[in-house]
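# Analysis of the macromolecular model
Now for the letters of each chain:
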Amino acid sequence: MVALPIEPTPFFANKNQAFWRLQALGWSGAMLLRAMSSIAGGQAWSFLVLVLIEAVTGFSISLILAVIYRQLIHRRALITWGITSLVLPVAVAVYAFIDAWVIGLYRSDASSGFAQLLLGVFYIDGTLLISWSALYYAINFYVQIEEQNDQMIQLETQATQAQLAMLRYQLNPHFLFNTLNSISTLVLLKQTEAANAMLTRLSSFLRYTLANEPEGRVTVAQEIETLKLYLDIERMRFEERLRTTFHVDDEAKPGLLPSLLLQPLVENAIKYAVSPQEAGADITITAQLIGSTLRISVSDTGPGLQSTATSNRLSGVTFDGGEQVSTGVGLANTRDRLAQAYGESHRFEILDAPEGGFAVTIEIPFERREPIAAAPAMTPALSGASDSARLATGMAR
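The residue numbering used here restarts from 1 in each chain and proceeds along that chain's sequence as written. A pLDDT threshold of at least 70 governs which residues receive local features in this predicted model, and a stricter bar of 80 or more applies before side-chain atom pairs are shown or counted, although totals over entire chains, interfaces and linings include all residues. In computing side-chain values, all of the structure's heavy atoms are included and hydrogens and water are not.

## Side note on the overall build of the protein chain
- Only DSSP runs of H or I reaching four residues or more are called helices, and only runs of E reaching two or more are called strands; each is numbered from the N terminus. The helix and strand tally for the protein chain stands at 11 helices and 9 strands.
- Throughout this description, buried means an accessible area under 20% of the type-specific maximum (1.4 Å probe, protein chains only), exposed means over 50%, and partly exposed covers the range between. The buried share of the protein chain, taken over its 397 residues, is 37%.
- Contacts in the protein chain between residues far apart in sequence, at least 24 positions, make up 73% of those at least 6 positions apart.
- In the form shown here, the protein chain has an accessible surface area of approximately 22600 Å², with 61% of it arising from carbon and sulfur atoms. Contact criterion: two residues are considered in contact whenever any of their non-hydrogen atoms come within 4.5 Å of each other. Shrake-Rupley sampling with a 1.4 Å probe provides the accessible areas, and residues are treated as covered by the protein chains on show and by no other component.

## Some points on the nonpolar core
- By size, the foremost hydrophobic cluster in this structure holds 44 residues, and its most contacted members are L257, L262, V266, I270, I283, I285 and I362.
- Of all elements in the fold, only α4 (114-188), α5 (192-211), α6 (220-238), α7 (263-274), β4 (281-290), β5 (293-300), α9 (330-342) and β9 (358-365) reach the threshold of two or more residues within this core.
- When residues no more than four places from it in sequence are discounted, the contact partners of I270 are Y230, L231, E234, F238, L242, S275, P276 and I283.
- Ranked by size, the runner-up nonpolar core spans 17 residues in total, among them A66, Y69, L88 and W132. Residues belong to a common nonpolar core when they are buried Ala, Val, Leu, Ile, Met, Phe, Trp, Tyr or Cys residues joined through side-chain atoms within 4.5 Å.

## What about the packing of helix α2 (residues 47-72) against helix α3 (residues 77-106)?
- Each axis is a line fitted through C-alpha atoms, and for a helix only the stretch in contact is used; angles between axes span 0 to 180 degrees, taken between their N-to-C directions. Closest axis-to-axis distance for the α2/α3 pair is 10 Å, and the angle between their directions is 160 degrees. Taken together, the axes of α2 and α3 lie roughly antiparallel to each other. The way α2 lies across α3 gives a crossing that is right-handed. An angle below 35 degrees is read as roughly parallel, one above 145 as roughly antiparallel, one from 65 to 115 as roughly perpendicular, and any other as oblique. Crossing handedness is read from the near helix: turned anticlockwise from the far helix by less than a right angle, it gives a left-handed crossing, and turned clockwise, a right-handed one.

## What about unusual backbone geometry?
- Positive phi, close to 55 degrees, is recorded for E239, a residue that is not glycine.
- By the secondary structure assignment, E239 is in the loop between α6 and β2 (242-248).
- Within the chain, L260 stands out as a residue other than glycine whose phi angle is a positive 55 degrees.
- By secondary structure assignment, the location of L260 is in the loop between β3 (256-258) and α7.

## Some details on the packing of aromatic side chains
- Within 6.5 Å between ring centres, the rings of Phe, Tyr and Trp (the latter by its six-membered ring) count as paired, and their orientation is classed by plane angle as stacked under 30 degrees, edge-to-face over 60, tilted in between. Following the criterion strictly, the structure yields 11 aromatic pairs and no others.
- Look at W20 and F59: their rings are 6.3 Å apart centre to centre, the planes differ by 35 degrees, and that puts the pair in the tilted class. Linking W20 in helix α1 (residues 15-40) with F59 in helix α2, this pair joins segments that are 39 residues apart in sequence.
- Counting every residue linked through ring pairs, the aromatic cluster contains F19, W20, F59, Y69, W81, W132, Y136, Y137 and F141.
- Here K228 stacks its cationic end above the ring of F246, 5.1 Å away from the centre of that ring. Either the NZ atom of lysine or the CZ atom of arginine qualifies as a charge over a ring when it sits within 6 Å of the ring centre and within 35 degrees of the ring normal.

## So, the environment of R335
- Structurally, R335 can be placed in helix α9.
- Residue classification places R335 among the partly exposed positions, given a relative accessible area of 36%.
- Considering only alpha carbons, one finds R335 and L261, 74 residues apart in sequence, at a separation of 9.6 Å.
- Leave out the neighbours within four places in its chain, and R335 touches F348 and I350.

## Remarks on the pairing of β5
- Of all 8 residues making up β5, 6 are buried, and the element is well covered by its neighbours.
- Any two strands with at least two DSSP-identified bridges between them are counted as paired. The sheet contact formed by β4 and β5 spans 8 bridges and is antiparallel. Each residue of the ladder has a partner; that of Q288, found in β5, is R295.
- With antiparallel pairing between neighbouring strands as the criterion, β4 and β5 make up a hairpin whose turn holds 2 residues, including G291 at a positive phi of roughly 65 degrees.
- Where β5 and β9 come together, 8 bridges link them in antiparallel fashion. Each bridged residue has a counterpart across the sheet, and for S299 the counterpart in β9 is A359.

## Observations regarding α1
- If you check α1, its first and last C-alpha atoms are 37 Å apart, about what 26 residues at 1.5 Å a residue would give, namely 38 Å.
- Where α1 terminates, the next one or two residues include G42, which has phi positive at roughly 90 degrees. By this rule, a helix spans an expected 1.5 Å times one less than how many residues it contains.

## With respect to a nonpolar patch on the surface
- Together, F97, W101, L105 and F114 line one region of the surface with nonpolar side chains, adding up to about 440 Å² of accessible area.
- With 3 residues, the single largest contributor to the nonpolar patch is α3.
- Along the chain, the position of L105 falls in helix α3. Patches in this entry comprise residues that are over 30% relatively accessible and not in a salt bridge; like charges within 9 Å are linked, as are nonpolar side chains (Val, Leu, Ile, Met, Phe, Trp, Tyr) within 5 Å. By definition, a salt bridge exists where a carboxyl oxygen of Asp or Glu is found within 4 Å of a side-chain nitrogen of Lys or Arg.

## Regarding the sheet that holds strand β8 (residues 347-352)
- An order of β2-β4-β5-β9-β8 is seen for the 5 strands of this open sheet, with the pairing classed as mixed. Across the chains shown, the open sheet's two edge strands, defined by having one partner strand only, are β2 and β8. Averaged over all adjacent pairs, the angle separating strand axes in this sheet is 15 degrees, with direction ignored.
- In the packing of α6 onto the sheet, contacts are made with β2, β4 and β5, and the angle to β2 comes to roughly 170 degrees.
- Strand contacts of α7: β2, β4, β5 and β9, with the helix running at about 150 degrees to β4, the strand carrying the most contacts.

As structure tokens, then:
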């Protein structure tokens, strides 16, 4: 698509400039209509001078009215319309008086008196100023409504971004608690190398997450790489009990989604499928493009929808001996983030996995990153692993 060489701007983006344009256009049009009517009525060409004076007079009086109306438009309706109904007849009377006086000078030998001329032009001048006043208020009220709508949209956008940031920030403390607890356990067991390796992976993972905006979006390929980094950390805890499989279509990899959207789903699968089972569980992550829809699913071979553990999993709370142990944020967090980011244009479904177990399916509109906006590469995040390793080694010592 070829971009326009000049970017169009709204007509009322500069209200002062728009006012003068409308003033010039409106009074020029009124003068032109009056001139054509005069010529068609058999008036001499010299009468056009009177038409010009009439237009200039009306233009000048409307400027005075604009100053008054500008002070009234933000006041209560009773004050606005009350003062307007007093000021407008005075302005029409002044306009008609000047017109009648100029016409009387032009037709000094006419039989009609000044009072007759005044009554003759009063209707025309009154129609012009009343129409001008109505348009002034109508346009300004329209501009006010548009500004209020823009402010509401801006506030809604800021609220949405704040909500997305809050939901994203929920994930890091939740994940850090589990990981640091595991590192502490390894240190107590004097498994220094394992603790050092886990700390190194954790620092690389955090380096990446902190480099991305909380409300930002990443590609499916980036999200999968981040997920693998997270799984490397968890695999040190569960070893062969944690088995993962990725099925990501090439067409789906450029698709955009909220950053760290899948991590809480995988964390839930580890918590409720891998951890309680002695044999562990398989976790499968699938991403595919179906028409204009990006479909992503996270499934595991743990308990299905009918189990008690899954009921606790859906409610976000786990129990041990009747006491509340922890409050999960995975499913609820993901559902809320999708609602904030896509509104009604998404699907979040929980179902039994085909191979048995638990599955979550997400469908969102497929969007690509604009070519001019370069996607943040995973390399800087991962290339910091060596620096993180040195830091972790120093901490371990």
